[in-house]
Amino acid sequence: MSKVTSPAEAVARIKDGQVVTVSSSSGLGCPDLVLKALGERFDKTGQPQNLTTLHPIAAGDMYGIKGIDHIAKDGLLSRILAGSYPSGPSSKEMPEIWKMVVENRVAAYNVPSGILFDMHRDVAARRPGVLTKVGLETFVDPVREGCAMNALAAQTPVVKRQDLGGETWLHFPNIVPDVAILRATTADEHGNLTYEHEGATLGGLEQAIAVRNHGGLVIAQVKRVTTRGALRPHDVRVPGHLVDLVVVDPDQKQTTETLHDPAISGEIQRPLSGFSIPEMSVEKVLARRAAMELKAGQTANLGFGISAQVPRILLEEGHANAVTWAIEQGAVGGVPLTGFAFGCASNADAYMPSPQQFTYFQGGGFDVSFLSFLEVDVEGNVNVSKLGKKPYLTAGCGGFVDIVSHARKIVFSGYFEAGAKMQISEAGLTIVEPGKFTKMVQAVEHVTFAGKRALATGQDVIYITERCVMRLTARGLEAFEVMPGIDPDRDIVAASEGRVRLAADLRPMAAELLRDAPMGLQL
């Protein structure tokens, strides 16, 4: 018998009070039609009520794929645990889910993506929850916020400290999902799923197993259906015995604003000449300086923001294949993409399932990670996960905490001040007008990266800004390179209100960074 059904019939099987796990990464892999049907059912019938939803990576975005916003309704959603949330610019309206969070209308938690995937695997195997060092001394740790995003969440903790073998660990007790909502490209009539048009497989298999092992319901949204036996067994990523219902959406997008790019799904190889090279700008200078931390043959992780431009610097410098990139959605190799397609890569060598990719990250198997920052404090702590005044400008921590926990080397990039007016030339950078405030603060609003722990575990950490490059020392932040044109005392020490000190070996940043032509980077 075929498992194909309508969206309305599929969500009619979801009951009050159940835990629903959703596989998605913003627009990538988002089962938007099923989530829309779930919201519509609630509007018409008032059911289901009081759902808990799990989102290892955000479901939907602010640019056309609503995702979680379809079900961000009082009475329908009572609790949410997510690695990340929909985010976007201040010019757009705050998403409904963020309104619920800030107004304390839903118990909301920001749990690192890798830990959420680990929680599914431990639930599936009936182990006693996740025991990890990921997140110690950050906002994840119950000595701080314990992942809680509001007062309602703080009333019911999801993590506690646990002493074991003379060491301190974080313990996340099991949350058993009753329903999984996945997305793939093709299903056969038995429910076998293939992902040939997707930019990543994400964690659908682990989510399906967690639900199936506890007798729950698995719903898969796909673009098309074929007969049983038509799919190549090696291509099946989620086997049909784990899938109960299949919903067809022939119009599902590959990513936000991308119907189908075969280079994202590995069906073709995109010529390197087809990738754009960043125009000369301050951000390009920062990405260039970050690229100087690479060596040929390394494996590097990449985050959103300025750091996402580093692969394009290597393209311009003729080193397209010198480094293997690994991103949390699962792509390995190729050229990671930017903008709406961030989380995907063209010309990838392989697509790892996200849970396995996070196992690799959590154990620190890669050589270096390139990440961004919102603010840095005197202890070297970094905040990327919370902006109290406009919370939806950040997506939360995502996989950041998993990545930095055991990374050997971390390169943070960001602006020294917010809103400063600058002029850049091949001679240097001039501050025309100071910014509204420094991002070198006394204490960050949210500790997404713990500087003292990094020092204690021997991590190599640097911070790249338009004014200087800083390193993390036992005495705090120390500028050891200064941008030509910058007055160190005025534009660094005074501008940071004395929170950044100058190194005795302070030297100028490389003049080649400012050249409006390839800089001659050697790896």
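The following refers to the structure shown.

Cut-offs used in this document
Residues numbered from 1 in each chain as written. Predicted model: local features only at pLDDT ≥ 70, side-chain atom pairs only at ≥ 80, totals over all residues. Heavy atoms only, no water. Helix = DSSP H or I, 4+ residues; strand = E, 2+ residues; numbered from the N terminus. Contact = heavy atoms within 4.5 Å. Areas by Shrake-Rupley, 256 points an atom, 1.4 Å probe, with all protein chains shown as cover. Lys, Arg positive; Asp, Glu negative; His and termini not counted. Charge placed at Lys NZ, Arg CZ, Asp CG, Glu CD. Salt bridge = Lys/Arg side-chain N within 4 Å of Asp/Glu carboxyl O. Buried < 20%, exposed > 50% of the residue type's maximum accessible area, 1.4 Å probe, protein only. Pairing = 2+ DSSP bridges. Phe/Tyr/Trp six-rings, centres within 6.5 Å; stacked < 30°, edge-to-face > 60°. Lys NZ or Arg CZ within 6 Å of the ring centre and 35° of its normal. Core = buried A, V, L, I, M, F, W, Y, C linked by side-chain atoms within 4.5 Å. Polar contact = N/O pair within 3.5 Å; in protein donor to acceptor, adjacent residues only side chain to side chain. Axes fitted to C-alpha atoms, helices over the stretch in contact; angles between N-to-C directions. Parallel < 35°, antiparallel > 145°, perpendicular 65-115°, else oblique. Left-handed = near helix turned anticlockwise from the far one by under 90°. Nonpolar A, V, L, I, M, F, W, Y, C, P; charged D, E, K, R; others polar.

When helices and strands are counted, the protein chain shows 12 helices and 34 strands. On the principal axes, the C-alpha backbone points of the protein chain span a range of 75 × 50 × 45 Å. Restricting the contact set of the protein chain to residue pairs at least 6 apart, pairs at least 24 apart contribute 76%. When the accessible surface of the protein chain is summed, it comes to about 19800 Å², and 50% of that surface belongs to carbon and sulfur atoms. Counting 51 positive and 58 negative side-chain charges, the protein chain places the averaged centre of each group 3 Å from the other.

Oppositely charged side chains can form a pair if their charged atoms are brought close together. Throughout the structure, instances matching the rule amount to 29 salt bridges. The closest approach of N and O atoms between aspartate 122 and arginine 127, which form a salt bridge, is 3.1 Å. Its relative accessible area of 12% is what places aspartate 122 among the buried residues. Residue class for arginine 127 comes out partly exposed when judged on its relative accessible area of 41%. For the salt bridge of arginine 471 with aspartate 505, the shortest nitrogen-to-oxygen distance reads 2.9 Å. With arginine 471 in strand β32 (residues 468-473) and aspartate 505 in strand β34 (residues 500-508), the pair connects residues that are 34 residues apart, well separated along the chain. A relative accessible area of 38% places aspartate 505 in the partly exposed class. Three or more residues joined by partner-sharing salt bridges are found here, namely Arg289, Glu293, Lys409, Glu481 and Arg507.

What follows is about the pairing of strand β31 (residues 460-464). In terms of residue burial, β31 counts as a mostly covered element, since 4 of its 5 residues are buried. Looking at chain direction, strand β25 (residues 409-413) and β31 are connected through 5 bridges and run parallel. Looking at the pairing, phenylalanine 412 lines up with tyrosine 463 of β31. Bridge analysis of β31 against β32 gives 3 bridges, and the strand direction is antiparallel. In the strand pairing of β32, isoleucine 464 is matched with valine 469.

A few words on the sheet that holds strand β13 (residues 224-226). One open sheet holds the 4 strands; their spatial order is β13-β10-β11-β14, and the pairing between them is mixed. Edge strands, defined here as strands with exactly one partner in the open sheet, are β13 and β14 (236-238). Of the pairings in the sheet, the one linking strand β11 (residues 193-194) to β14 comprises 2 bridges and is antiparallel in character. Looking across to β14, one finds that leucine 193 is bridged to valine 238.

Let us look at the packing of aromatic side chains. What the rule picks out here adds up to 11 aromatic pairs. Judged by centre distance (5.4 Å) and plane angle (20°), the rings of phenylalanine 412 and tyrosine 463 are stacked. Highlighted residues: phenylalanine 412 in strand β25 and tyrosine 463 in strand β31, separated in sequence by 51 residues. Exposure class is identical for phenylalanine 412 and tyrosine 463. Each is buried. Across from the ring centre of tryptophan 169, 4.5 Å away, lies the NZ or CZ of lysine 133, which sits over that ring. Between arginine 270 and the ring centre of phenylalanine 275, over which it is positioned, the NZ or CZ distance is 4.1 Å.

On to the nonpolar core. With 103 residues, the main nonpolar core has Phe172, Phe370, Phe412, Phe449 and Tyr463 as its most contacted residues. In terms of residues, this core owes the most to one element, helix α7 (residues 282-291), which gives 6 residues. Beyond its immediate stretch of four places on either side in the chain, phenylalanine 449 contacts Thr138, Gly380, Asn381, Val382, Phe400, Val404, Ile410, Phe412, Ala454, Gln459, Val461 and Tyr463. One finds Leu51, Leu77, Ile80 and Ile219 within the second-largest nonpolar core, a separate group that totals 36 residues.

Our next topic: the environment of serine 6. Relative to the elements of secondary structure, serine 6 occurs in the loop between β1 (4-5) and α1 (7-11). Overall, the relative accessible area of 26% leaves serine 6 in the partly exposed class. Each C-alpha atom of the pair serine 6 and arginine 105 lies 31 Å from the other, and the pair is 99 residues apart in sequence. Separated by 3.1 Å, the side chain of serine 6 and the backbone nitrogen of glutamate 9 make a polar contact.

It is worth spelling out the sheet that holds strand β30 (residues 440-441) at this point. Strand order across the open sheet formed by 3 strands is β24-β23-β30, with mixed pairing between neighbours. Where the open sheet ends on each side, the last strands, each with one partner, are β24 (382-383) and β30. Pairing analysis gives 2 bridges linking strand β23 (residues 375-377) to β30, with the strands arranged parallel. Within the sheet, the bridge partner assigned to valine 376 lies in β30 and is methionine 440.

Close contact between helix α4 (residues 113-124) and helix α9 (residues 354-362) brings their axes to 9 Å; oriented N to C, the two are set at 120°. Here α9 runs oblique to α4, going by the angle between their axes. At the point where α4 passes α9, the crossing takes the left-handed sense. Residues Ser113, Gly114, Ile115, Phe117, Asp118 and Arg121 of α4 form the contact with α9, whose participating residues are Ser354, Pro355, Gln356, Phe358, Thr359 and Gln362. Here the residues of the contact of α4 with α9 sort into 4 nonpolar, 6 polar and 2 charged.

The next thing to look at is unusual backbone geometry. In this structure, the amide linkage connecting glutamine 47 to the following residue, proline 48, adopts the cis form with an omega of 0°. Checked against the element boundaries, proline 48 lands in the loop between α2 (32-45) and β3 (51-55). Phi at asparagine 50 takes a positive value of approximately 55°, unusual for a residue other than glycine. Along the chain, the position of asparagine 50 falls in the loop between α2 and β3. Non-glycine residue cysteine 147 carries a positive phi angle of around 75°. Structurally, cysteine 147 is set in the loop between β6 (130-132) and α5 (151-154).

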